[in-house]
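Residue-level listing of the chains:
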Amino acid sequence: MTRVSDDDLKAGFATRAIHAGQRPDPSTGAIMTPVYQTSTYVQQGLGRHQGFEYARTRNPTRDALEQNLAALEGARHGFAFASGTAATDMVLKLLSSGDHVVAGENLYGGTHRLMTQIFARLGLTFSFVDTRDVERVSRALTPATRMVFVETPTNPLMRITDLAAVAEITRARGILLAVDNTFATPCFQRPVEFGADLIVHSTTKYLNGHSDMVGGAVLCSSDEVAAKLQFLQNASGAVPGPLDCWLTLRGTKTLAVRMRQHDASGRRIAAWLEGQPAVRRVYYPGLPSHEQHDLACRQMKGFGGMISLELGSLARARAMAETTRIFALAESLGGVESLIGHPATMTHTSVPKEMRDAMGLTDGLVRLSVGIEDTDDLIGDLDQALRKAEQA
Ligand SMILES: *Cc1c(COP(=O)(O)O)cnc(C)c1O
């Protein structure tokens, strides 16, 4: 099992992003970990090998990525998967039939689907609660509860969960706290530092950052939980290929500088949007008008490039989303290029309309993933699209 070294955990974030888990290749000195595009490894004799037997179980490129991601989260162990969804699947497979999970009500749609349409059928039970209110998490616990699963900030409403407060509850009960940290990234929020046991990522998003692969990861510090995850990773088999691991590693090297720019543009654009007559409401944890801004400031070091805005009607949302030129209309987020999306018809169609409306996830809501292009160009693009929305 790969274990992050003390040295790797001591370095600053940007240094870790570039060096943690990365050693010059032992056979040639290549400074970059090669893409070990192989399924198997020659053994010296029966039971004699260099630690690598079959590539589902272990691959050196994947090892390098797993250590890198664990170090970024301040965790000891990392496990890479073929998608963020496969990573979440693995976390839920730590549980057994009859176990109960308390989950956030505004989780990523695919996570909600995995829980309610697959794991519920296999005997897990779930309570979905508004985890902004820690009391509701407490009240939802039953003697069968084994895990609390949250996202913070949530997609697309940017609700914040107080990680330290929830960890206090889960620690007292001896149950696991899993946090999907895809939106904030370890650059801006490290749940391990607040007491989370399991960190889940869709590396497809900010960690890779270049929209050229799909992947996921689970990070943890407990040796006991890590041993179970290692077994599950090999036994379930949803591992990423070495080229995708390599692309993700190439992405994490620039994570610190990319996030700095996403954050700078995100803050400026969110503040600018608040002053636009066509915009009824802006959801961005970095704005003082965000109802949990103080908590966000305590828990996060930056707020990134995810912004949602309420335009008041489907017609206006459509006009804006179909008029931007730099912001491309597409699902996903976290890449260097800016994207615009309409949650009600794109990412959140599986959530029933009454539930969407009750949450504020209306037909007039538009979501931006602010990339790292010139901020003035991005504002210019949004400006012309908002004018069009006003006429709709
Ligand atoms: C995209 C996403 C996922 C799912 O990841 P995939 O790589 O698409 O499988 C899970 N959680 C969040 C917050 C996401 O944005």
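Rules used in this analysis
- Residues numbered from 1 in each chain as written.
- Predicted model: local features only at pLDDT ≥ 70, side-chain atom pairs only at ≥ 80, totals over all residues.
- Heavy atoms only, no water.
- Helix = DSSP H or I, 4+ residues; strand = E, 2+ residues; numbered from the N terminus.
- Rg over C-alpha atoms; globule rule 2.2 N^0.38 Å.
- Buried < 20%, exposed > 50% of the residue type's maximum accessible area, 1.4 Å probe, protein only.
- Contact = heavy atoms within 4.5 Å.
- Domains from an automatic or database assignment.
- Salt bridge = Lys/Arg side-chain N within 4 Å of Asp/Glu carboxyl O.
- Near = heavy atom within 4 Å.
- Polar contact = N/O pair within 3.5 Å; in protein donor to acceptor, adjacent residues only side chain to side chain.
- Areas by Shrake-Rupley, 256 points an atom, 1.4 Å probe, with all protein chains shown as cover.
- Disulfide = S-S within 2.5 Å.
- Pairing = 2+ DSSP bridges.
- Right-handed = clockwise from strand over helix to strand, strands pointing away.
- Phe/Tyr/Trp six-rings, centres within 6.5 Å; stacked < 30°, edge-to-face > 60°.
- Lys NZ or Arg CZ within 6 Å of the ring centre and 35° of its normal.
- Axes fitted to C-alpha atoms, helices over the stretch in contact; angles between N-to-C directions.
- Left-handed = near helix turned anticlockwise from the far one by under 90°.
- Nonpolar A, V, L, I, M, F, W, Y, C, P; charged D, E, K, R; others polar.

Visitor: Help me understand the overall build of the protein, please; the structure alone is not making it clear to me.
Guide: Scanning the protein from terminus to terminus reveals 15 helices and twelve strands. Here the C-alpha atoms of the protein give a radius of gyration of 21 Å, agreeing with the 21 Å that 2.2 N^0.38 yields for 392 residues. Overall, the protein is about 75 × 50 × 35 Å in size when its C-alpha atoms are taken along their principal axes. Going through the 392 residues of the protein one by one, you find that 57% of them count as buried. Long-range pairs, those at least 24 residues apart, make up 73% of the contacts in the protein with a sequence separation of at least 6.

Visitor: Please clarify how the domain arrangement of the protein should be interpreted in this entry.
Guide: A common way to report how large an interface is uses the accessible area buried once the components associate. Considered domain by domain, the protein is made up of domain 1 (6–252) and domain 2 (255–390). The distance between the C-alpha centroids of domain 1 and domain 2 comes to 26 Å. Every contact between the two is made by 39 residues of domain 1 and, on the other side, 41 residues of domain 2. Along the contact surface separating domain 1 from domain 2 lie one salt bridge. Glu291 serves as the salt-bridge partner of Arg132, at 2.7 Å between the closest nitrogen and oxygen.

Visitor: Help me understand the site of the ligand in this model?
Guide: What surrounds the ligand is a group of 13 residues, the closest being Thr85, Asp180, Ser202, Thr204 and Lys205. A distance of 2.7 Å separates an oxygen atom of the ligand from a polar side-chain atom of Thr85. Between the ligand and Lys205 there is a distance of 2.8 Å, counted from an oxygen atom to a side-chain nitrogen or oxygen. For the ligand, whose free accessible area comes to 380 Å², the fraction covered by protein is 91%.

Visitor: Whenever I open this one, the state of the cysteines confuses me. Can you help?
Guide: What makes a disulfide is a covalent bond joining the sulfur atoms belonging to two cysteines. Tallying each qualifying case throughout the model produces zero disulfides. Note on Cys187: no disulfide assigned, nearest cysteine sulfur contributed by Cys297 at a separation of 16 Å. Residue classification places Cys187 among the buried positions, given a relative accessible area of 12%.

Visitor: Whenever I open this one, the pattern of salt bridges confuses me. Can you help?
Guide: Oppositely charged side chains are able to pair whenever their charged atoms sit close together. Summed over all chains, the structure comprises 19 salt bridges. For Asp263, the salt bridge goes to Arg267, with nearest N and O atoms at 2.9 Å. With a gap of four residues between them, Asp263 and Arg267 both fall in helix α11 (residues 255–274), about one helical turn apart. Under the relative-accessibility criterion, Asp263 is labelled buried at 9%. Between Lys353 and Asp357 there is a salt bridge, and its shortest N-O distance comes to 3.0 Å. Placement of the pair is Lys353 and Asp357 together in helix α14 (residues 353–359), with a separation of four residues, close to one helical turn. Residues joined by salt bridges that share partners form a network here, namely Asp130, Arg132 and Glu291.

Visitor: Can you walk me through the pairing of strand β3 (residues 125–129) in this structure?
Guide: For strand β2 (residues 100–104) and β3, the ladder comprises five bridges, and the chain directions are parallel. Across the sheet, the residue bridging to Val102 is Ser127, located in β3. Remark: the β2/helix α5 (residues 109–119)/β3 crossover connection has right-handed handedness.

Visitor: For this particular structure, what's the right way to read the packing of aromatic side chains?
Guide: Aromatic rings in a pair are described by how distant their centres are and how their planes are angled relative to each other. Across all of its chains, the model carries three aromatic pairs by this definition. Look at Tyr41 and Phe52: their rings are 5.4 Å apart centre to centre, the planes differ by 45°, and that puts the pair in the tilted class. With Tyr41 in the loop between α2 (13–19) and α3 (60–73) and Phe52 in the loop between α2 and α3, the pair connects residues that are eleven residues apart, well separated along the chain. Note on Phe52: relative accessible area 17%, which makes it buried. Note on Tyr284 and Phe303: the rings are 6.2 Å apart at their centroids and 70° apart in plane angle, and the pair reads as edge-to-face. Of this pair, Tyr284 sits in the loop between β8 (281–283) and α12 (293–299) while Phe303 is found in the loop between α12 and β9 (306–310), placing the two residues 19 residues apart along the sequence. Here the guanidinium or amino end of Arg58 rests over the ring plane of Phe52, the centre of that ring lying 4.2 Å away.

Visitor: What is the right way to look at α5 in this model?
Guide: Quick reminder: α-helices carry 3.6 residues per turn. Residues three or four places apart thus point the same way. Turning to α5, its buried residues are Gly109, Gly110, Thr111, His112, Leu114, Met115 and Phe119. Contacts made by the buried residues of α5 are with α4 (84–92), β2, β3 and β4 (145–151).

Visitor: Sorry if this is basic, but what is going on with the sheet that holds strand β12 (residues 365–369) here?
Guide: Across the sheet, five strands lie side by side as β8-β9-β12-β11-β10; this open sheet has mixed pairing. Unpaired on one side and paired on the other, β8 and β10 (328–329) mark the two borders of the sheet. Of the pairings in the sheet, the one linking strand β11 (residues 339–341) to β12 comprises three bridges and is antiparallel in character. Across the sheet, Gly341 pairs through a bridge with Arg367, a residue of β12.

Visitor: Help me understand the packing of α3 against helix α10 (residues 242–253) in this model?
Guide: Describing two packed helices takes the angle between their axes plus the distance from one axis to the other. Taken N-terminus to C-terminus, the directions of α3 and α10 make an angle of 35°; their axes are 8 Å apart at the nearest point. By crossing handedness, the relation of α3 to α10 is classed as left-handed. Two secondary-structure elements touch here, α3 through Thr61, Arg62, Ala64, Leu65, Asn68, Leu69 and Leu72 and α10 through Pro242, Cys245, Trp246, Thr248, Leu249 and Thr252. Split by residue class, the contact of α3 with α10 holds eight nonpolar, four polar and one charged.

Visitor: So what exactly am I meant to see when it comes to the sheet that holds strand β5 (residues 176–180) here?
Guide: Note: strands within a sheet are paired through backbone hydrogen bonds, in either parallel or antiparallel orientation. One open sheet accounts for seven strands, arranged β1-β7-β6-β5-β4-β2-β3; its pairing is mixed. The two strands at the open ends of the sheet, each matched to only one other strand, are β1 (77–81) and β3. Across the sheet, the mean angle separating the axes of adjacent strands is 20° when strand polarity is ignored. Against the sheet, α3 touches β1, β6 (198–202) and β7 (216–220), its axis set at about 125° to β1. Across the sheet, α4 lies against β1, β3, β4, β5, β6 and β7, angled at about 155° from β6, the strand it touches most.

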